[in-house]
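Residue-level structure breakdown
Here is how the chains run, residue by residue.
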Amino acid sequence: MKKNIVPVLFITMLMCSACTNHMTVNNMTKQPDSLQEQSAALEAADSEPSWAAGMQTEGQLFQNLNLDGIGDADDEVYISTYQFGDYEEKVTVVRIHLGTGQTVAKVFPVYGHYEFQTGRLFSEEKDAVILEIRIPASNYGAAAVFVLNVNPAGAAPVPEAVIQLDTQNPVTLANGIVIENSVLSNQVTNGTKAADISGMPRQGILLNFIDENGRYQGLQRVFYWTDDGWTVISEKAAEEY
């Protein structure tokens, strides 16, 4: 009889261990009892850490615009600066709210004092957004220029804001010539504006450059949009304008 005691005890211990392990696994994989608990668990998992959140440092609203060619000057633009971290990690956010109810947005990885304008660059029926952002700490008025063309919902299922000009990236002209971003970003200065052009149905955009002698706004070039892209239709020294 004594010989049978050990196997029985061993089997009993295995059964108890399995019960314990089974209970542990069940406890570890137990799901929340209610939808409310499940929702809370998901929110906790997806919540943004406080150190990762951006902070809006400034913003400005522009109203009574016609950016999509629909309605009667019922579009709006809100431009704001967001800062991330404790230093100068800032971006510029452009949000466009159309009179038809939709909102589109673009984020630009630069910040600084900006000038907001509109102009009939791509259509006689609507305006484009012209945004010039001065580069902080520049000693010669360096600026980044962005031009947005808003396409309303229609041929495309949703509206969109298309970046048609970004002086921090290469610009391909209608004749196939590519102006590298290194040239544009190093030489463009503030003073950008929409320009009326004699004999042309739409406006162009006038950009100011450092000239070959290093003069501030010493060279101005007018970019005009055609179906094939941008064309430089005028190039004069600033004092000749």
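The shown structure was predicted, so the numbers you read here are calculated from the model rather than taken from an experiment.

All right, on to the overall build of the protein then. In terms of helices and strands, the protein carries three helices and 14 strands. A burial count over the protein gives 33% of its 241 residues as buried. Summarising the internal contacts of the protein: among those between residues at least 6 apart in sequence, 38% fall at separations of at least 24. Accessible area for the protein stands at about 14700 Å²; split by element, carbon and sulfur atoms hold 53% of it.

So, on to the pattern of salt bridges. Taken as a whole, this structure holds two salt bridges when the rule is applied. Note that Lys90 is salt-bridged to Glu88, the shortest N-O span being 3.7 Å. Residue Arg215 is joined to Asp211 by a salt bridge in which the shortest nitrogen-to-oxygen separation is 2.5 Å. On the accessibility criterion, Arg215 (37% relative accessible area) is partly exposed.

For the rest of this paragraph, the subject is the sheet that holds strand 2 (residues 75-84). Pairing is antiparallel in the open sheet, where four strands are placed in the order 1-2-3-4. Each edge of the open sheet is held by one strand with a lone partner, namely strand 1 (55-65) and strand 4 (103-108). Across this sheet, the average inter-strand angle for adjacent strands is 15°, counted without regard to direction. Pairing between strand 1 and strand 2: eight bridges, direction antiparallel. Counterpart to Leu65 in the pairing with strand 2 is Asp75.

This next bit is on the confidence of the model for the protein. Looking at the protein as a whole, its pLDDT mean stands at 81, while 75% of the residues score no less than 70. With pLDDT under 50 throughout, residues 1-32 is counted as low confidence; its partners more than four residues away or in other chains account for two contacts. In the predicted structure, residues 237-241 sits below a pLDDT of 50 and forms eleven contacts with residues beyond four places in sequence or in another chain.

Thresholds, definitions, all that
Residues numbered from 1 in each chain as written. Predicted model: local features only at pLDDT ≥ 70, side-chain atom pairs only at ≥ 80, totals over all residues. Heavy atoms only, no water. Helix = DSSP H or I, 4+ residues; strand = E, 2+ residues; numbered from the N terminus. Buried < 20%, exposed > 50% of the residue type's maximum accessible area, 1.4 Å probe, protein only. Contact = heavy atoms within 4.5 Å. Areas by Shrake-Rupley, 256 points an atom, 1.4 Å probe, with all protein chains shown as cover. Salt bridge = Lys/Arg side-chain N within 4 Å of Asp/Glu carboxyl O. Pairing = 2+ DSSP bridges. Axes fitted to C-alpha atoms, helices over the stretch in contact; angles between N-to-C directions. pLDDT = per-residue confidence, 0-100.

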